[in-house]
Amino acid sequence: MGDIVGVVAGSRITVRVGERQLTLSNLEKVLYPRHGFTKGEVLDYYTRIAPLLLPHIRDRAMTFVRFPDGVAGGSFFEKDVSRHAPDWVRTARLAVGGRGKDAEVVAYPLINDLPELVWAANLAALELHVHQWTVDADDERSTPDRLVFDLDPGPGATVVDCCRVAERLHDVLTGDGLTPVAKTSGSKGMQLYAGVVTTDPAETSQYAKALAERLAAETPDLVVARMTKTLRPGKVFIDWSQNNPFKTTVAPYSLRGRDEPTVSTPVTWDEVRACRHVSHLRFTADEVLDRVEQHGDLFADLGRTRAAIPAFG
């Protein structure tokens, strides 16, 4: 597993990852039964993809989706890791509002280096979800530096339809001076991002909502900008609400908890334009490792091309 060195003792192995010592367990446990993909292979994937993944999640409050009994055994979300995280795992203590309750402080994990990523993978945190903003050394939230559109196909629609919507979003975003990048969701749909500069935490949501509603008005037979389920069959829902500061989106290069170890995979715009079948934009962990050898980090432009959100309305 790349930079991991360790000693086996029964079903556990004590390893040194960088400057940290961790105990990993049940490496032979199959987490993806249909594919035969084990926990050890999950750890291997995250170790090998770490150089590309870590820059995109650094200092971002994270939510895990954990699958301790594999993808067939149920899952749960975990935000607060204060009860079990080692003291060397950095956390951000952030106030979050409850539903009709007083705000509570949650110790979100910040996965900034390989030992922390291996620790998370050993928890069977197959899915890593992050916010569109970072935190500083004092656990203060920054304003968003990412704009995101989550394209979710309704019943009867597929990622192929998402690609057609993505092409239209690409044209509008580039016309507005932004540089969109695309990735698969690792499930049914895809996401578009653009790096942004703003001083208003609400501005990304406002801009994304206005653009989603514009596309829905122009092509109501293909696009919907509201979550109402009865509106969604055969259409692509542009979920602009993931720009809400309290919401998260699956990280690039994260595994997904589906039947097979699919990955939320950055893709080229040529691949988006050429997509005519769901298999064209579906990638497993092994395929993603091969892709990065060929393409490098297709998500890297996000941090290099930040621009102001244009006036809208």
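Now for a description of the structure that goes with this document. (Residues numbered from 1 in each chain as written. Predicted model: local features only at pLDDT ≥ 70, side-chain atom pairs only at ≥ 80, totals over all residues. Heavy atoms only, no water.)

1. Re the overall build of the chain
Counting its regular elements, the chain contains 7 helices and 18 strands. For 313 residues, the compact-globule estimate of 2.2 N^0.38 gives 20 Å, and the chain sits close to it at 20 Å. If one aligns the C-alpha atoms of the chain with their principal axes, the spans along those axes are about 60 × 45 × 35 Å. Contacts in the chain between residues far apart in sequence, at least 24 positions, make up 67% of those at least 6 positions apart. Within the structure as shown, the chain displays about 14100 Å² of accessible surface, and the carbon and sulfur contribution to it stands at 48%. Separation of charge centres in the chain, based on 37 positive and 42 negative side chains, amounts to 5 Å. (Helix = DSSP H or I, 4+ residues; strand = E, 2+ residues; numbered from the N terminus. Rg over C-alpha atoms; globule rule 2.2 N^0.38 Å. Contact = heavy atoms within 4.5 Å. Areas by Shrake-Rupley, 256 points an atom, 1.4 Å probe, with all protein chains shown as cover. Lys, Arg positive; Asp, Glu negative; His and termini not counted. Charge placed at Lys NZ, Arg CZ, Asp CG, Glu CD.)

2. Structural notes on the pattern of salt bridges
Summed over all chains, the structure comprises 18 salt bridges. Linking Arg48 and Asp44 is a salt bridge whose minimum nitrogen-to-oxygen distance equals 3.3 Å. In this pair, Arg48 and Asp44 are both assigned in helix H1 (residues 39-57), 4 residues apart and thus about one turn of the helix distant. With a closest N to O distance of 3.2 Å, Arg306 and Asp145 form a salt bridge. Highlighted residues: Arg306 in the loop between helix H7 (301-304) and strand S18 (307-308) and Asp145 in the loop between strand S10 (125-130) and strand S11 (146-153), separated in sequence by 161 residues. Residue Asp145 is classed as buried on the basis of its relative accessible area, which comes to 12%. One network of salt bridges, in which partners are shared, links Asp59, Arg90 and Asp139. (Salt bridge = Lys/Arg side-chain N within 4 Å of Asp/Glu carboxyl O. Buried < 20%, exposed > 50% of the residue type's maximum accessible area, 1.4 Å probe, protein only.)

3. Observations concerning the sheet that holds strand S7 (residues 76-78)
Strand pairing in a sheet is mediated by backbone hydrogen bonds. Such pairs are either parallel or antiparallel. If you trace the 4 strands from one edge of the open sheet to the other, you get S7-S6-S10-S16, paired in antiparallel fashion. Sheet topology places S7 and strand S16 (249-250) at the edges, where each strand pairs with a single neighbour. Where S10 lies against S16, 2 bridges are found, and the strand directions are antiparallel. Bridge assignment links Val130 to a residue of S16, and that residue is Thr249. The strands touched by H1 are strand S6 (62-66) and S10; relative to S10, the strand with the most contacts, the crossing angle is about 5°. (Pairing = 2+ DSSP bridges. Axes fitted to C-alpha atoms, helices over the stretch in contact; angles between N-to-C directions.)

It is worth stressing that arrangement in space is one thing and function is another; only the former is reported here.
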